[in-house]
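Analysis of the macromolecular model
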Amino acid sequence: MYSHYVINIGRQLGSGGREIGEKLAKRMGIDFYDKELINLASEESGLCREFFERADEKASQGIIGGLFGMRFPFISDGAIPMSNCLSNDSLFKVQSDVIRRLAAEKSCVFVGRCADYILRDHPRCANVFISASKEDRIARLRKIHHIDEEAAEEMIEKADKKRSEYYNYYSFKTWGAAATYHLCIDSSSLGIDGTVQFVEEFVMKKLNLQAR
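So, here's what we can say about the structure.

Scoring rules and cut-offs
- Residues numbered from 1 in each chain as written.
- Predicted model: local features only at pLDDT ≥ 70, side-chain atom pairs only at ≥ 80, totals over all residues.
- Heavy atoms only, no water.
- Helix = DSSP H or I, 4+ residues; strand = E, 2+ residues; numbered from the N terminus.
- Expected span 1.5 Å × (residues − 1).
- Buried < 20%, exposed > 50% of the residue type's maximum accessible area, 1.4 Å probe, protein only.
- Contact = heavy atoms within 4.5 Å.
- Polar contact = N/O pair within 3.5 Å; in protein donor to acceptor, adjacent residues only side chain to side chain.
- Patch = residues over 30% accessible without salt bridge, like charges linked within 9 Å, V, L, I, M, F, W, Y side chains within 5 Å.
- Areas by Shrake-Rupley, 256 points an atom, 1.4 Å probe, with all protein chains shown as cover.
- Salt bridge = Lys/Arg side-chain N within 4 Å of Asp/Glu carboxyl O.
- Lys, Arg positive; Asp, Glu negative; His and termini not counted.
- Charge placed at Lys NZ, Arg CZ, Asp CG, Glu CD.
- Phe/Tyr/Trp six-rings, centres within 6.5 Å; stacked < 30°, edge-to-face > 60°.
- Lys NZ or Arg CZ within 6 Å of the ring centre and 35° of its normal.

A word on helix H8 (residues 149-171)
Taking 1.5 Å as the rise per residue, H8 with 23 residues should run 33 Å; its terminal C-alpha atoms sit 32 Å apart, in good agreement. What H8 keeps buried is the set Ala 152, Ile 156, Ala 159, Asp 160, Arg 163, Ser 164, Tyr 166, Tyr 167, Tyr 170 and Ser 171. Looking at the buried side of H8, the elements it contacts are strand E1 (6-11), helix H5 (88-105), helix H6 (115-118) and helix H7 (134-145). The N-terminus of H8 is capped by Asp 148, whose side-chain oxygen sits 3.3 Å from the backbone nitrogen of Glu 150. Phi turns positive, to about 60 degrees, at Phe 172, one or two residues after H8.

A closer look at the side chain of Glu 200
Inspection of the secondary structure assignment puts Glu 200 in helix H9 (residues 187-206). A polar contact of 2.6 Å, which involves the side chain of Glu 200, links it to the side chain of Arg 27. In contact with Glu 200, other than residues within four places in its own chain, are Leu 24, Arg 27 and Met 28.

What about a negative patch on the surface?
Together, Glu 135, Asp 136, Asp 148, Glu 149 and Glu 150 make up a region of like negative charge exposed at the surface. Secondary-structure elements contributing two or more residues to the negative patch are H7 and H8. Topologically, Asp 148 is positioned in the loop between H7 and H8.

Details of the pattern of salt bridges
Here the idea is simple: oppositely charged side chains can pair when their charged atoms come close. A complete count under the given rule lists 15 salt bridges for this structure. For Glu 22, the salt bridge is made with Arg 18, and the minimal N-O distance between the two is 3.5 Å. Of this pair, Glu 22 and Arg 18 are both found in helix H1 (residues 17-28), four residues apart, which corresponds to roughly one turn of the helix. Take Glu 22: its relative accessible area is 37%, and that puts it in the partly exposed class. Two residues, Asp 193 and Lys 23, come together in a salt bridge whose shortest N-O distance is 2.9 Å. Separated by 170 residues along the polypeptide, Asp 193 in helix H9 and Lys 23 in helix H1 bring together distant segments of the chain. By relative accessible area, Lys 23 is classed as partly exposed at 31%.

Focus: the packing of aromatic side chains
Counted according to the given criterion, the structure contains eight aromatic pairs. The interplanar angle of 40 degrees and the centroid separation of 5.1 Å between the aromatic rings of Phe 129 and Tyr 181 together place this pair among those described as tilted. Of this pair, Phe 129 sits in strand E4 (residues 125-131) while Tyr 181 is found in the loop between H8 and strand E5 (183-186), placing the two residues 52 residues apart along the sequence. The two residues Phe 129 and Tyr 181 agree in class, both being buried. By way of ring pairs, the aromatic residues Phe 92, Tyr 166, Tyr 169 and Tyr 170 are connected into one cluster. The cationic tip of Arg 120 hangs over the ring face of Tyr 117; the distance from NZ or CZ to the ring centre is 4.0 Å.

As for the environment of Val 111
With respect to the element layout, Val 111 can be found in strand E3 (residues 108-111). Among the residues examined, Val 111 registers a relative accessible area of 0% and is labelled buried. With 89 residues separating them in the primary sequence, Val 111 and Glu 22 have C-alpha atoms 9.2 Å apart. Setting aside anything within four residues of it in sequence, one finds Val 111 in contact with Ile 9, Arg 11, Phe 32, Tyr 33 and Asp 34.

These figures capture arrangement, not role.
This is the structure in C-alpha cells:
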C-alpha cells in the first residue's frame, strides 16, 4: 500500500482554491503543485513552456483548432521530431504523466488540471471542490487584479466556461458536481483559513492519517 497520499483540488475562479491548497499543503507538510506543473511538463518533454501555457486547462479544439502549428521551438533538440504537430490532447498527456510520476513518488496537493481524474486509480486520494459566493468571488478578483465589478464578472464567466469544458472533456465527468468529488465546500461559509482546517480534518479522517 502507498505510504503517501494526494489531495486534488478543483476550484471556481475567485474561490480562494489556490490559496487554500497552498495553506493546506504547508499545514500537512507536503508539496504543492499548480502552475508549477507547466514548468515540469516543459522540462521533462523538452517543449517550450509557452505551449503548455496556451493549452493550460483548455479542452482540445479538434484536429485543426487544437494544433498550435507545424513546427515548434524546443528546449532540447531531438526531444520530439521537429515535424510533429502537438494538439492540446498531446500536451494534456505530457502533463498527466508528470502528475502521475509526482503522485507515485510523494504526498502532494494538486490544483486543477483534472488531477483527480488522472489519479483515479491512486489508492490514497481525496478529491475536493472549492466554490464561493458570487459576491466573494467578485470581491477577491477586484482586489487581486485591481479591476471593476463588470470586468471581474466577465473573468468569472470565462473561467467557469473554460474550466468546465476542459474538465468535462477529459474526465467525462461534470466539473463542480457533488457526485464528482469526495467533498464540496463553499469557502464563503468558513473563510479561507476555516476552509483549510475543515478540509484538513476531512482528509485526515478519509485517508486514516495520523496527526503530525
